[in-house]
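Overview (structure and organization)
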Amino acid sequence: MKKYWSRRIRDMVPYVPGEQPKDRIFIKLNTNENPYPPSEKALMAIQAAADERLRLYPAPGCEDLRQAIAQHHGLLPDQVFPGNGSDEVLAFCFQAFFDPDRTVLFPDITYSFYPVYANFFDLAYHEIPLRDNFDLPVTPFCGRNGGVVIANPNAPTGKSVGLENIRTILDANPEAVVLVDEAYVDFGGISAISLISEYDNLVVVRTLSKSHSLAGLRVGYALGNPNLIAALCCVRDSINSYTLDRVAQAGAAAAIRDESYFLETVEKVIHTRDRCSEELKRMGFIVPESSANFIFISHPALPATKLMDGLRKKGILVRHFDRPRISNYLRVSIGTDQEMDALCAALEKLLESGD
């Protein structure tokens, strides 16, 4: 029953987020959250911001946060656009840079929100098949399009794209925006931020949900030429000028300035990821090289759905995508060493029993 629904959304298939269980205690390896707590400096800033000033609107320009982000990346504040999580920033990008009569390109196996945005904003799009090993084919993204969207590292595969390939795509699309979604780049990918000064058609989108342990605060941002940032501000101010609240701005700025803690937690995740990947390979799993805070795994002896159900019964949540080419893979977020040891032990038992 969809009475009163607009024609725009009547046939929409929305994005489905990972499960957030409430009924029992699980080892949660299904939503790519950071297993370590936020920076103490961020928590202190959040507490300090939650005072009587909440009766006032927050700074719409997010000046202090933009300054912190700009300084962290060696840019200027007018090259920074903060938003309410990278998902909102991505949605603004799809509105700001892509037109209905020009086809947007992105891979066939990637963040599943991209086709949702394209359909919601009535944009034509074409999905370019990844290679059999999940590498990105560069040539199909070069020219004859109205924009390119690339997650680097990719989700859910975890594979990264070299900077030379990003440069090739940028050179081939001087009349279209190339959007590089770097939600996971801090865990081993190579950022395209260094190319912003060379290319006025490049926009890079980041989030504090993963490497800064702030998924619950909802802060993301875009980086690019001031002209592109102005376009994003135009979209934002046509919808909601106050997208980031006072508490989020304060916590995010403090987290970004606490670089030593950020580096410490990122290194922990990378070390655990690489160690667990080797252990799973020893057990016979196919594990493509990951530059993210998750791994993408498949085993020839047991179907992915059977492994997922078996892990859930043992109190471990992972993510499965019922889509062509990847239906026999599971995406596993990197937890603490103890959590990943529990995962490996549970998988070994499932393989031994066959169920």
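Here, the structure is the one placed above.
Here goes a summary of the coordinates provided. (Residues numbered from 1 in each chain as written. Predicted model: local features only at pLDDT ≥ 70, side-chain atom pairs only at ≥ 80, totals over all residues. Heavy atoms only, no water.)

Notes on the overall build of the chain
Operational definition: Each helix is a run of H or I in the DSSP string that is no shorter than four residues. Each strand is a run of E no shorter than two, and both are numbered from the N terminus. The size measure is the radius of gyration over C-alpha atoms, and the globule rule it meets is 2.2 Å times the number of residues to the 0.38 power. Each residue is placed in one exposure class: buried if its accessible area under a 1.4 Å probe, protein chains only, is under 20% of its type's maximum, exposed if it is over 50%, and partly exposed if it falls in between. The contact rule is simple, with two residues in contact once any of their heavy atoms fall within 4.5 Å. Each accessible area is a Shrake-Rupley estimate made with a 1.4 Å probe; only the visible protein chains count as cover when residues are assessed. Charge counting treats Lys and Arg as positive and Asp and Glu as negative, with His and both chain ends excluded. Charge placement uses NZ in Lys and CZ in Arg. For Asp and Glu, CG and CD serve respectively.
Scanning the chain from terminus to terminus reveals eleven helices and twelve strands. Against the compact-globule benchmark of 20 Å for 355 residues, the chain has a radius of gyration of 21 Å, which places it among compact chains. Counting only C-alpha atoms, the chain reaches 60 × 50 × 50 Å along its principal axes. Burial analysis of the chain (355 residues in total) assigns 53% to the buried set. Long-range pairs, those at least 24 residues apart, make up 74% of the contacts in the chain with a sequence separation of at least 6. When the accessible surface of the chain is split by element, carbon and sulfur atoms take 51% of a total near 16200 Å². The average position of the 37 basic charges and that of the 45 acidic charges among the side chains of the chain differ by 6 Å.

Topic: the pairing of strand β6 (residues 178-181)
The test is simple: Here a strand pair is declared whenever DSSP counts at least two bridges between the two strands. Throughout, right-handed denotes a crossover for which the path from the first strand over the helix to the second runs clockwise when the strands point away from the viewer.
Residues Val178 and Val180 point to one face of β6 and Leu179 and Asp181 to the other, with burial holding for every one of them. Across four bridges, the pairing between strand β5 (residues 147-151) and β6 is parallel. Considered in β6, the bridge of Ala151 is made with Asp181. As a crossover connection, the stretch from β5 through helix α6 (residues 163-172) into β6 is right-handed.

Regarding the packing of aromatic side chains
Note the following rule: Under the pairing criterion, centres of Phe, Tyr and Trp rings, with the six-membered ring standing for Trp, must be within 6.5 Å; the plane angle then separates stacked pairs below 30 degrees from edge-to-face pairs above 60, leaving the rest tilted. In our convention, an over-ring charge means Lys NZ or Arg CZ found within 6 Å of a ring centre and within 35 degrees of that ring's normal.
Applying the stated criterion across every chain, the model contains 15 aromatic pairs. With a centroid separation of 5.2 Å and an interplanar angle of 80°, the aromatic rings of Phe120 and Phe121 are classed as edge-to-face. For the ring pair Phe134 and Phe296, a centre distance of 5.9 Å and an interplane angle of 65° mean the geometry is edge-to-face. With a gap of 162 residues between them, Phe134 in the loop between β4 (125-128) and β5 and Phe296 in strand β9 (residues 294-297) connect regions that are remote in the sequence. Neither residue differs from the other here; Phe134 and Phe296 are each classed as buried. An aromatic cluster is defined as three or more aromatic residues linked by ring pairs; in this entry it consists of Phe94, Phe98, Phe106, Tyr111, Phe113, Tyr114, Tyr117 and Tyr125. Lying over the aromatic face of Phe120, Arg8 brings its terminal NZ or CZ to 5.7 Å of the ring centre.

With respect to helix α10 (residues 304-313)
Put simply, the test is: As used here, the arc belongs to the directions running from the helix axis to the C-beta atoms.
Taken as a whole, α10 has its buried residues at Ala304, Leu307, Gly310 and Leu311. Angularly, the buried residues of α10 cover 130° about the axis, an arc narrow enough to put them on a single face. Phi turns positive, to about 85°, at Gly315, one or two residues after α10.

Some thoughts on the state of the cysteines
Convention followed: Disulfides are defined in this document as cysteine sulfur pairs within 2.5 Å.
Enumeration according to the criterion identifies zero disulfides in this entry. With no disulfide of its own, Cys93 lies closest to Cys233 among cysteine sulfurs, the gap being 11 Å. According to the relative accessible area criterion, Cys93 is buried, its value standing at 0%. Not engaged in a disulfide, the cysteine Cys234 finds its nearest cysteine sulfur in Cys233; these two sulfurs lie 8.8 Å apart.

Quick word on unusual backbone geometry
Omega for the bond connecting Asn152 with Pro153 falls within 30 degrees of zero, at 0°, which places this linkage in the cis form. Inspection of the secondary structure assignment puts Pro153 in the loop between β5 and α6. Of note, the bond from Ala155 into Pro156 is cis; its omega dihedral lies within 30 degrees of zero at 15°. With respect to the secondary-structure elements, Pro156 resides in the loop between β5 and α6.

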